Amino acid sequence: MADLYTHTSDDSESQATVRLDPSRRGETVSPELYSKFGEHLYTPRNVTNVLEAQALFNPTFGSWKFGQQQYGPDGGNSAVSDPEEMDDRIETYAETHGMPDVDRLREAYRDGTALWWFPYGTTDAVRTSPDTGTADDRAQRFETGSADGHAGLAQWCHLPVHRTNAFEGQVTLRAAAETPVRLAVHDVDPDDGTLGSVLAETSVTARDENRTVSFSLELPSDELKESERLFGFSVTTRVPDANVVVDRVCCYPDDHVATADPEIVDLLSELNLSVLRWPGGNFVSGYHWRDGVGPIEERPTKPNPAWDALETNLFGTDEFVALCEAVGCEPMICLNAGSGTPEEAARWVEYCNGSTDTEMGALRAEHGHPEPYDVTYWEVGNELYGSWQIGWTTPAGNADRYRRFKTAMEAVDDSIEVMACGNRHTDWNEPLLAELESTDWLTDHVLVECHADSETDPVELFNAHSGFASQLRAEYDAVADDCRDAGLEGVRQAITELQLFTRFDGDEDDEADESEATGEEREERRMSRETLPTNKSITEAVFDATIIHECIRSGTVDMVTHSGVGNHGGGLRKSQGRVWADPCYYGQQLGTGLIGGTPIGVDVTCHTFSTETTWGSDTGQWFGELEPVTDEPAVDAMAVTDADDHDIAVVLVHRDAGADAIDVTLSGEPLESLDEVTVDRLSAETMYDTNTLEDPQRITPTTDSAAVDDGSVTVSLPPYSVIRLTGD
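Presented here is an overview of the structure given in this document.

Definitions and limits used
Residues numbered from 1 in each chain as written. Predicted model: local features only at pLDDT ≥ 70, side-chain atom pairs only at ≥ 80, totals over all residues. Heavy atoms only, no water. Phe/Tyr/Trp six-rings, centres within 6.5 Å; stacked < 30°, edge-to-face > 60°. Buried < 20%, exposed > 50% of the residue type's maximum accessible area, 1.4 Å probe, protein only. Lys NZ or Arg CZ within 6 Å of the ring centre and 35° of its normal. Salt bridge = Lys/Arg side-chain N within 4 Å of Asp/Glu carboxyl O. Helix = DSSP H or I, 4+ residues; strand = E, 2+ residues; numbered from the N terminus. Patch = residues over 30% accessible without salt bridge, like charges linked within 9 Å, V, L, I, M, F, W, Y side chains within 5 Å. Areas by Shrake-Rupley, 256 points an atom, 1.4 Å probe, with all protein chains shown as cover. Lys, Arg positive; Asp, Glu negative; His and termini not counted. Charge placed at Lys NZ, Arg CZ, Asp CG, Glu CD. Contact = heavy atoms within 4.5 Å. Polar contact = N/O pair within 3.5 Å; in protein donor to acceptor, adjacent residues only side chain to side chain.

1. With respect to the packing of aromatic side chains
Then step 1. Evaluation of the coordinates by the stated rule reveals 24 aromatic pairs.
Then step 2. For the pair Phe283 and Tyr287, a centre-to-centre distance of 5.1 Å together with 35 degrees between the ring planes defines the contact as tilted.
Then step 3. Taking the relative accessible area as the measure of exposure, Tyr287 reaches 4% and is therefore buried.
Then step 4. Ring pairing ties together the aromatic residues Trp278, Phe283, Tyr287, Trp289, Phe315, Phe320, Trp348, Tyr351 and Trp378, which thus form one cluster.
Then step 5. The ring of Phe37 carries the charged tip of Arg277 above its face, separated from the ring centre by 4.4 Å.
Then step 6. Its end group placed over the ring of Tyr373, Arg364 keeps NZ or CZ at 6.0 Å from the ring centre.

Next comes the structure, spelled out in C-alpha cells:
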C-alpha cells in the first residue's frame, strides 16, 4: 500500500496546503466502510418505536423489565425490583417522552396495568389485571363496572400527523361474552392529560376466543394543524360489566414500509448505505430468532435480555430484510453465540437462504417469502469477551464456538461470509487464528468512553478524539500482522460498532451550581453537561471521518458498521413522531462520495496539535483508551479519483479545536482540467452543537462552488468541520 498521506509541519494556524499526487495509489474505496448498525435497545432506542413505525408504546401489554447494569456471573443485566427505583424510572420515561401525568402511569402500573397504559373511564368503572396471551406471554384484562360511557384502556402517544392522517393495525382480543370494542384516537388536554374528543374511531367484536382483527383509522386532516401535539389511544367498550382480554394492539401510520418508519427508510436510502447490521449488540446474546417470525399473535413478548424494557418481537427477520430491501443495502445478521447454539444458527441461515425444499426455507415461504433472502454476512457473536454479555466466554472458548458455529452454518450454505468475534486488545484473538480461514472476517468494536468533569479542557477532549485515528490504525495494523504471521493474509477486518461516548462526572451539587453560574464562571469551569461533545454532536462526525480515512489509507479494515442508527449516536433521531438526522449522518453522507474511487496521495502542510496525558486537575488519568496525541496534523485529507459519483473527490477534516478557520489551498494534476469544484461543507459553531426536535436542521451541509485557477483552489475549513470537494 502506497503512503497516501504525508505531512510537513508549518507554524501557521490559518493556512494549509494539500498537494494531490495521483502517482501514489491505493485500493478502491469499499462501500462497506459506510455502513450502519441497529440494535434492539431499550424503548424507544434503535429498533422499537424508532426503526419501527409502531405508534404505541408496549403494544403487546408485556411485563415491563426495569433493567439495571449489574451483571451476574453468566452475564446479562438483571431486573430492578425496588419499588422506589421503578417509580423513578417511570418518571424518567414520562419526562423523556413528554407524558403529562407520571402519577397516573405509576398508579396504573401498581394496579395491574401494563406500563404506558392506564384505565380509561371513571375510577370505579374499570378494573385491570394481568392475563395470558396467545404466545403464552402477558396480556391485559380489563373489566368494566356499571357506569355509563366508554371504559377500558388508554395511553398517550405521538402520531406522525405531519405526513399522514391515516393509520392501520391489528388487535388481538377476546371476551367472556360477545362484546363490541371501540379503538379510538383522542385529543388530549396538555395540562392534565385527560383524553378529550374522539378524532377517529372504529369498532371490532371480541368473542370467547382469541381473534386477530385488522382495523384502520382516519383522523380529520383539518383538525391536525398542531402537528406536534399529544394524542390519546383507547381500547374501550360501552358494555357494563364487560370482561375483555387484550393481547396486543399494533397501530402503524398507513405509509409504513413493511412496519418500518418511512422517514427512517428515506434517510437511510439517501445515505448510500452498503450494509445494515442487526439485531445486536448485547441484545443478540439472548435473542432467539424463531420468536420474531410468523404471525404476530404467535410471537412472544419477552424481557429484553440485555437492556431495559421489552422485546415485542414485532420486528424480526422478515421485517429486517424488508427494511434492507427498501433501503437498498445488504443485511448483516449477528448471531446469538451466547445463549444460542450452532444448530439454531444453522437453522437461521437456512431460513434466510434455503430453498423451499428445506424445512426452514419452507417455513419462510409459509410466512409469505418464497424467494431466499441470500444473506451473505453472518457474525458469530457479539463482545463475547465481556462479563456484560450473556454466555460470555474465554479466548479459547470463543475460538471453539466459532469453529462449531461456522461448521454448522456452512453445512447449510457454504457461500456465506462468516465473521468471528474479535478484540484487538489483550490476547483474545490468538486462539481464533488457528480456526480462521483466509476468506473469513475478524470483527472488533470501537466504543470510546471518556469521562469529563468541570475541570476538563474541552480542546483537549475534542483533540484526543480527533487524534485517535492514528493510534487505532497502529492497533489494526498489528492485528493484520498477526494474521499474516499465521498465514491468513486474506482475513479481512471489520469494525462492527463505532462511536464515541462522553460522560460528565459532575454530581447533583455540581449541576445545581452550574445552572446558577454566570457566563464568565461557566467559561472558567470549562465543561458542563450541556457543553459536553457527545455522539449527537458535530464531534462524532469528525471522529468518524478521521477513522474511516485511516481505514482507507491502511487497507487493513474493509467494513465499518457505525452504531447505533436510532437514538443511539448512529445518525438518526426520533422523538414525538418526528425523525431527524445527527451531524454524523451528514458527515457519512459526504464521505460516501469517496466510494468506488481510487485513493491517491495527498501531501499536507499544516500546523500540528498535541494533548496532555491527563484530563483532570487531580485525576492523573487519560481519556479512557485515548492515548496522548503528539504533533498530529490539524488537517486530515483523503482524495480519490474515478469514484462512483465523481471524477475527483476530496474530503477535508478540521481536527484542532484550538485553532480557528484554516484556508486550505489544494493543487495537483487532478485539478488542472477543472474550472471549478463543488464544495459541500458540514460545520458547527461549537464542538457540542447538535440537531434537535425543535431545530432539526441546525447542522446540515451547505453547498457552493469554488473556482479552480491554474490547477489550484482555496477553500476555508472552519473549526469542527468536514468538507467535501468534488469535480467532474
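2. Observations regarding the pattern of salt bridges
Then step 1. One pass over the full model with this rule turns up 39 salt bridges.
Then step 2. Residues Arg163 and Asp255 are paired through a salt bridge, measuring 2.6 Å at the closest nitrogen-oxygen approach. Of this pair, Arg163 sits in the loop between strand S9 (151-157) and strand S10 (166-175) while Asp255 sits in the loop between strand S15 (243-253) and helix H4 (262-269), and the two are 92 residues apart along the sequence.
Then step 3. Asp255 sits in the partly exposed class, given a relative accessible area of 26%.
Then step 4. The residue Glu550 makes a salt bridge to Arg473 at a minimum N-O spacing of 3.2 Å. One end of the pair, Glu550, is in helix H13 (residues 538-554); the other, Arg473, is in helix H10 (residues 468-485), and 77 residues separate them in sequence.
Then step 5. A relative accessible area of 29% places Arg473 in the partly exposed class.
Then step 6. Counted as one network, the salt bridges with shared partners bring together Arg473, Asp477, Glu550, Arg553 and Asp636.

3. Considering a negative patch on the surface
Then step 1. Among the surface-exposed residues, Asp642, Asp644, Asp645, Asp647 and Asp728 lie close enough to one another that they form a single negatively charged patch.
Then step 2. Among the residues examined, Asp647 registers a relative accessible area of 43% and is labelled partly exposed.

4. Quick word on the environment of Asp636
Then step 1. Residue placement: Asp636 occurs in strand S30 (residues 635-641).
Then step 2. Sequence separation between Asp636 and Cys606 is 30 residues; the distance between their C-alpha atoms is 9.7 Å.
Then step 3. Every residue in contact with Asp636, bar those within four places of it in the chain, is listed here: Tyr5, Ala545, Thr546, His549, Arg553, Val651, Leu652, Val653 and Arg655.
Then step 4. Engagement of the side chain of Asp636 in a polar contact is seen with the side chain of His549, the distance being 2.9 Å.

5. Comments concerning helix H5 (residues 317-327)
Residues that lie three or four places apart on an α-helix share one face, since the helix turns once every 3.6 residues.
Then step 1. Among the 11 residues that make up H5, eight are buried, leaving the element largely enclosed by the rest of the structure.
Then step 2. Within the sequence span of H5, burial applies to Thr317, Asp318, Glu319, Phe320, Val321, Leu323, Cys324 and Val327.
Then step 3. Buried residues along H5 sit against helix H1 (47-51), H4, strand S16 (275-278), strand S19 (330-335) and helix H6 (342-353).
Then step 4. Where H5 terminates, the next one or two residues include Gly328, which has phi positive at roughly 90 degrees.

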